[in-house]
Amino acid sequence: MTNDILSPADPQIVELFKHGKCLTFDFSRDVKNVSVAMQKTAGRCGRVVCSTAPLALKQDTQLAFFADGNVCLTAGRDEKIDPACRSYLALFADGRLIVSDLYQTNRYGIYDYRKVSQFARTYSDYLYLQPQYVPQSYLDALYRRAEQYGWYISAEEAAAAMPVQPLPTAEENAACDAFVKEIFKGRRCISVAPRELSLMNRYALFDDGTLVMADDVPDYAAADIEKELTKHFPDLHLKTQQAPQAYVDAIYRMVPQMQKSTKQIYFEILKQKARKLGKRLNLPRHRALETVAQMAGWQSWKQATRIDEERAKFVLVSEKNKKELARFFIRIRWKWNIRNI
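Just so you know, these numbers come straight off a predicted model, no measurement behind them. Here the residue numbers are simple positions, counted from 1 along each chain's written sequence. Residue-level local features of this predicted model are given only where pLDDT is at least 70; pairs of side-chain atoms are given and counted only at 80 or more, and the full residue set underlies all totals for whole chains, interfaces and linings. Heavy atoms throughout the structure, all of them, feed into the side-chain values; hydrogens and water do not.

Undergrad: Can you help me understand the sheet that holds strand β6 (residues 203–205) in this one?
TA: To summarise the sheet geometry, strands pair through backbone hydrogen bonds and adopt either a parallel or an antiparallel arrangement. Strand order in this open sheet of 3 strands is β6-β7-β8, and the pairing throughout is mixed. Unpaired on one side and paired on the other, β6 and β8 (239–243) mark the two borders of the sheet. The mean angle between the axes of side-by-side strands here comes to 20°, regardless of whether they run parallel or antiparallel. Pairing between two strands requires that DSSP report at least two bridges joining them. Secondary structure elements follow DSSP: runs of H or I no shorter than four residues count as helices, runs of E no shorter than two count as strands, and numbering proceeds from the N terminus. Between N-to-C directions, angles span 0 to 180 degrees; the directions come from axes that are lines fitted to C-alpha atoms, helices contributing only their stretch in contact.

Undergrad: Sorry if this is basic, but what is going on with the pairing of strand β7 (residues 210–214) here?
TA: Each regular strand displays side chains that alternate between the two surfaces of the sheet. Burial here depends on accessible area, computed with a 1.4 Å probe over protein chains only, as a share of the maximum for the residue type. Under 20% is buried, over 50% is exposed, and the range in between is partly exposed. The buried fraction of β7 amounts to 5 of the 5 residues, a majority that puts the element mostly inside the structure. Pairing between β6 and β7: 3 bridges, direction antiparallel. From the neighbouring strand, leucine 205 faces β7, where its bridge partner is leucine 211. Pairing between β7 and β8: 5 bridges, direction parallel. Paired with valine 212 across the two strands is glutamine 241, which belongs to β8. A crossover gets the label right-handed when its path from the first strand over the helix to the second runs clockwise, viewed with the strands pointing away from the viewer. Where the polypeptide runs from β7 across helix α7 (residues 219–232) and back to β8, its parallel neighbour, the crossover connection is right-handed.

Undergrad: Can you walk me through helix α8 (residues 245–258) in this structure?
TA: Every α-helix winds through 3.6 residues per turn, so residues three or four apart in the chain are directed the same way. Residue count minus one, scaled by 1.5 Å, sets the expected span of a helix. Between its terminal C-alpha atoms α8 stretches 20 Å, which fits the 20 Å expected from 14 residues at 1.5 Å a residue. Three or more residues of α8 are buried, namely Gln245, Tyr247, Val248, Ala250, Ile251, Tyr252 and Val255. Throughout, a residue-residue contact means that at least one pair of heavy atoms, one from each residue, lies within 4.5 Å. Residues of α8 that are buried in the fold lie against α6 (170–183), β6, β7, β8 and α12 (309–339).

Here is the structure:
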């Protein structure tokens, strides 16, 4: 990296191109936020322009910077990035964001595409180009190749190096347990089967209108949640109370002991589909289950049964979106048939 001020005719420019890759050209069409990108690249480079470079500064064509080698930051020893992200993306030092095509935006799929934007928000200090979607096998190959470099850290080492969150005290645990025990008295959690994806783990709604909201949810977001819930449950009079996020998490951990969990509800939907499919095609039960799971996007029924509650919420919303889409096409077909009678 050089911070030298260079003339376009300077021989040092030729040397830079020989030993490194010019990273700065017109990236305004690739970078989501050009002003942020300029702040993150300011002061890193000499004055030169290269028309073949992948991410130059359109608003200052005299500014450029070079890299002597690309580093996969999500596998970098010095970056302190949660290795869980490696299953769906890889971020490189030149801003390239490689994402598994399983995580392309899809309201009807089983892979939570929101993780990509959540990652960018969590690690906002890095430069990001628009995501490049590749087959999962390509992403896996990138991480296998990364193992050959000195900056690489294994997923196990990276997980061990992550900052340790302080454990709650005995008093805090007791207060949380008492709150959760009290909140379930005479009430049933009805947000266990969410109707939309927005902030669905940040609140818990009960059948008497009690709404437990995480106390760090911004006021505008809380207002949006209440508005959305009122639309879905017009007969409920919402009674909102704020509580730490840990209390909301504890509520959902308690749900399987008190009522059907999100995971159980999702499996019931799949099993119902399997019964209908088996009856229609005369398939044995195990074959119908495998077929329905694969139709939903899983590799097998066994893989589907391994999901946790958080992912179950996502796929349950996907199932509802599929049902709404099916209703839409039925209405379109019905109107078409009426017009053509």
